[in-house]
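What follows is each chain in one-letter form.
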Amino acid sequence: MTTFVQILCKIRSPRLPFPSSLSETKKLRKTPSVPWQCAQFRTCSGAASKSSETPFVPLEGEIDTGHVDFQANFVHNYQLNDQLQEILGIVQAGGGERSLKKHTEVNKKIFVRDRLRLLLDDYDNEFLELSSLAGWDMEYGRIPAASNVCGVGKVRGTWCTVSASDATIKGGTSYPITVNKQLRMQEICQQNSLPAIYIIDSGGAFLPLQSEIFPDKNHGGRVFYNEAVLSAQGISQLAIVCGSCTAGGAYVPTMADEAIIMHKIGTIFLGGPPLVQAATGERVTSEDLGGATLHCRVSGCTDHFAATEEEGFAMGRDSISTLNITPPSDPVGWKEPLYSQDELLGLVSQSGEVKGQMRKILARLVDGSRFHEFKKLYGTTLISGFAFVKGHLVGIVANDGELSHDAAIKGAHFAELCQHRNIPLIFLQSVSEDESWAEGNYELIAETLKARAKMAAVVACMTVPKITVIVGKSYGSSSFAMCSNSFDPRFVFMWPNARVGLHNPEEMATLAAQESGKPEMEEKLREKFQKQSTAVFASSRMWNDGVIAPQDTRNVLSQCLSILSQQACNEPYTYQDRAVLRM
Ligand code: COA
C-alpha cells in the first residue's frame, strides 16, 4: 500500500505559506512585559544533555493506507494541493512575461524574487513567505501576491521580516489588500521583535481605489505611523530603495531608521516629474527631482548610495549585521517522525472532519512521533500535551471532536501550563459539530458555553507565542478558544481542505434562505458560502498567513519556532520611547 502513497506523492513542496492586517498598533512598552522573552525555549538538545533517555512516549500512528476512505481522502487532498501549487506558480511569476521583460530589459531592474535572492542568506530554502495568496481573485481583479512579496527570512543568520514591492504588477502600486499585507507584516515585526526590511519599487497608491487606501485609520498612513512606533519600541527598520517611492510611499524610506538607495534606479519624491510640469511648467528628470545623489548628498533622506542593485543589497546585509542581534541557533539531534508526512493527505476527510484521527496526525508532525499527553482520560475530544518539533519544545492542543465542556476546561488548564512554563503553544484546529445540541441537553450547552469562554479568556491573555493551523473546520464560536485569527496567534495557517466561516455553509444557506423568506435562494447561498469558506478565498482576503500543504506543516512550524526563538534568545531591546529621528 505504501506504493499507492509513493506514486501519488510526487507532490511539489509548497514551501510558501501566506494572511490579515495590523489592526491596532499596541501601546509602547516601557519594559518588556512578555516573560518568555527573557529565556530561551527548551530544545531537545538541551534536554538530551541532562539525560540520554528519549523523552515522551511514541504515539500509535499506523494506518491502513489501502482503506477506501484513506484513498479517497488522499486523492481529494492531493488534487487540492496540486491546485494550490498551480496558483502559487502564477503568483510567483508576478505581473507576467511582458511586464517582466519591460522591468528587466527597459527599466534595467532586477525582479523582486531575484532581489530577495541577493538580500537573504537562502531565499530558496529558508524564506517563510507569508500571504502569497493575498489579492488572488479580488472584487477589483487578480493582484498576484498583492503586488508585495512578504515574509520572514534570514540575513547573516538573523530572522528579519521583508516586504518587497513587485513593480511588474501595475508599477508595484498599493491596492487595499497590499496595505493590509504591509500592516500585517508590521504586526508580525512588533509581536516577534523582528527587524524589518522594506524593499521599495512602487508607484504609490493604486489611484482608482484611493478611497479604500488612503483616508481610514488602518489605511496607508498607518504604515508610516507604525514605522515610528516600531522604531520607538526598538525594532530596527531598513529601507532599500530600488525604484519609485512616490507621494505617500516617499515616507517609507524617510521614516525608516536607515535607508539605502540605488543610483539611477531609486527615486523618492512627493510628486513625480509630470506633476511638477503640470504645476510649474518646468521639465525635470526623476533623477534630478529625487534620485540617489540628491538624497544622499543634500536632503539626507537616505544614508547609503549604491552604484548598483547588487551593491545595494550587499549594503543591506551589512546594515543588518550592525543591529547587535544574536541569531538563534537551531536545535540539533532531533528525530524525524516515525510515519510519513505524505500520509497526512489521507487522514482528513473531504468534509474537513478529523475526528478520531488527530493522534495519527500528531504522530506525523512531532519528533520521533513522541508525545507527553496531558489529561488523556478527561475531555477526550481535545488532545493536549507536549512534544518537540525539530528540537523545539512545544505544547499542542488539537481538536479530536467537538469542543465539549470538559475539553474546553482541559484546554484552558493546559494553556495555563504552557504560559507558566514559558512554552509556545500550537493549536491544531478542526472543530466538529456540537453533539450536545443534537441531544437537546440544554444545561450542558449552557455549561459548555461557560467553559469555552474560560478557555477563550485564557488563550486571549497568553503572552507565550501561539501558532494556529486550521486543519479541518473552523466554524463558529468554538474556534475562538482554539485561537482563530482574532485571538492573535503569532502565525496562522490553513490546510487546503480546511474551511472557515460562521457556520458550516450548508446549514448556513438553509438558515439564511428561511430567514429571508426566500427558500429558492438556498442553492445560490450555499454556493456563495461554500466559496467564501475555502482556504484560498480566506487567504486571498488575508484571514490567515497562508495555505500550507499538510505534508509541509512540520517544516513550516519549525521555521516559525526558529523565528520565535530569536526573540527568546535576545535580551529585550532597550526601549527609547521615541523613533529614531532623521535629523
Ligand atoms: N495608480 C494606478 N495605476 C498606476 C499607477 C498608479 N499610481 N502607477 C502606475 N500605474 C499603472 C500604469 O497605468 C500601467 O498600467 P498598464 O500596464 O495597464 O498600462 C502600469 O501601472 C505600469 O506603469 P508604467 O508607467 O507603464 O510602468 P513604468 O515601469 O514605466 O513606471 C511608475 C512605473 C510607478 C514609475 C510610473 O507608472 C509612475 O510614476 N506612476 C505614477 C506614480 C504616481 O504619481 N503615484 C501617485 C500615487 S499617490
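So, a few notes on the structure that sits alongside this text. Computed from a prediction, not measured in an experiment: that's the story for all the values here. (Residues numbered from 1 in each chain as written. Predicted model: local features only at pLDDT ≥ 70, side-chain atom pairs only at ≥ 80, totals over all residues. Heavy atoms only, no water.)

**A word on the state of the cysteines**
Linking two cysteines covalently through their sulfur atoms gives a disulfide. Note the following rule: The rule for a disulfide is simple: a pair of cysteine sulfur atoms within 2.5 Å. Partly exposed describes any residue whose relative accessible area lies between the buried limit of under 20% and the exposed limit of over 50%, with all areas from a 1.4 Å probe on protein chains only and scaled to the type maximum.
All chains considered together, the criterion is met by zero disulfides. Note on C242: no disulfide assigned, nearest cysteine sulfur contributed by C245 at a separation of 8.3 Å. Classification of C242 by relative accessible area gives buried; the value is 0%.

**Brief notes about the site of the ligand**
Heads up, the condition is: For this purpose, a residue is taken to be near a molecule or strand whenever a single non-hydrogen atom of the residue falls within 4 Å of it. Exposure was quantified through the Shrake-Rupley algorithm and a 1.4 Å probe, taking into account, for residues, occlusion by the shown protein chains and nothing else. Under the convention adopted here, Pro, Cys and the residues Ala, Val, Leu, Ile, Met, Phe, Trp and Tyr are nonpolar, Asp, Glu, Lys and Arg are charged, and Gly plus all remaining residues are polar.
The ligand sits among 13 residues. The nearest are K102, N107, K170, G203 and A205. Alone, the ligand offers 860 Å² of accessible surface; in the complex the protein occludes 51% of this. Within the shell around the ligand, the residues separate by chemical class into five nonpolar, six polar and two charged.

**Section: the pairing of strand β13 (residues 425–429)**
The line we're drawing: Only DSSP runs of H or I covering at least 4 residues are called helices, and only runs of E covering at least 2 are called strands; the numbering of each starts at the N terminus. Two strands are said to pair when DSSP picks up at least two bridges between them. If the strands point away from the viewer and the path from the first strand over the helix to the second runs clockwise, then the crossover is right-handed.
In terms of burial, β13 is a largely internal element, five of the five residues being buried. Judged by which residues are buried, β13 turns out to be covered on both faces: L425, F427 and Q429 on one side and I426 and L428 on the other are all buried. The pairing of strand β12 (residues 392–399) with β13 spans four bridges and is classified as parallel. The partner of A398 across the bridge, within β13, is L428. Handedness of the crossover joining β12 and β13 through helix α15 (residues 405–421) is recorded here as right-handed. Here β13 pairs with strand β14 (residues 466–470) via five bridges, running parallel. Residue pairing for β14: I426 is matched across the bridge by I467.

**Section: the packing of aromatic side chains**
Cut-off, in case you're wondering: Classification of ring pairs uses Phe, Tyr and Trp, with its six-membered ring standing for Trp, and accepts pairs whose centres are within 6.5 Å; under 30 degrees between planes counts as stacked, over 60 as edge-to-face, and the remaining range as tilted. Note on criteria: charge over ring means Lys NZ or Arg CZ within 6 Å of the ring centre, with the direction from the centre no more than 35 degrees off the ring normal.
In this structure the tally under the stated criterion is 11 aromatic pairs. Consider the rings of Y123 and F127, whose centres lie 5.5 Å apart with planes at 35°: the pair is tilted. Relative to F487, the ring of F480 has its centre 5.8 Å away and its plane inclined at 15°; by these criteria the two rings are stacked. On the accessibility criterion, F487 (17% relative accessible area) is buried. Ring pairs connect the aromatic residues Y140, Y175 and F206, which therefore count as one cluster. The ring centre of W136 lies 3.8 Å from the NZ or CZ of R142, which sits over that ring. One residue, R541, lies across the ring of F537, its end atom 3.9 Å from the ring centre.

**Some points on helix α13 (residues 309–321)**
As a reminder of what qualifies: What a helix should span is 1.5 Å times the count of its residues minus one. The arc in question is the one traced by the directions running from the helix axis out to the C-beta atoms.
Taking 1.5 Å of rise per residue, the 13 residues of α13 would be expected to cover 18 Å, and the 19 Å separating its terminal C-alpha atoms lies within 8% of that figure. Every buried residue of α13 is listed here: E309, G312, F313, G316, R317, S319 and I320. Take α13 and look down its axis: the buried residues cluster within an arc of 160°, on one side only.

**What about the side chain of R317?**
Quick note on the threshold: Each polar contact in these results corresponds to two N or O atoms within 3.5 Å; when the atoms are within protein, one needs to be able to donate a hydrogen and the other to accept it, and residues that are neighboring in sequence are counted only if both atoms are side-chain atoms. In what follows, a contact means two residues having at least one pair of non-hydrogen atoms within 4.5 Å.
Position of R317 among the secondary structure elements: in helix α13. The class for R317 is buried, based on a relative accessible area of 17%. From its side chain, R317 meets the backbone oxygen of L119 in a polar contact 2.9 Å long. Among all residues touching R317, those that are not within four sequence positions of it are L118, L119, L120, D121, V155 and R156.

**A few points about the pattern of salt bridges**
Here is the rule we go by: A side-chain nitrogen of Lys or Arg and a carboxyl oxygen of Asp or Glu constitute a salt bridge if their distance falls within 4 Å.
For the structure on display, the rule yields 22 salt bridges. Linking D137 and R142 is a salt bridge whose minimum nitrogen-to-oxygen distance equals 2.7 Å. For R142, a relative accessible area of 44% gives the class partly exposed. The partner of R184 in a salt bridge is E187, with the nearest N and O atoms 2.7 Å apart.

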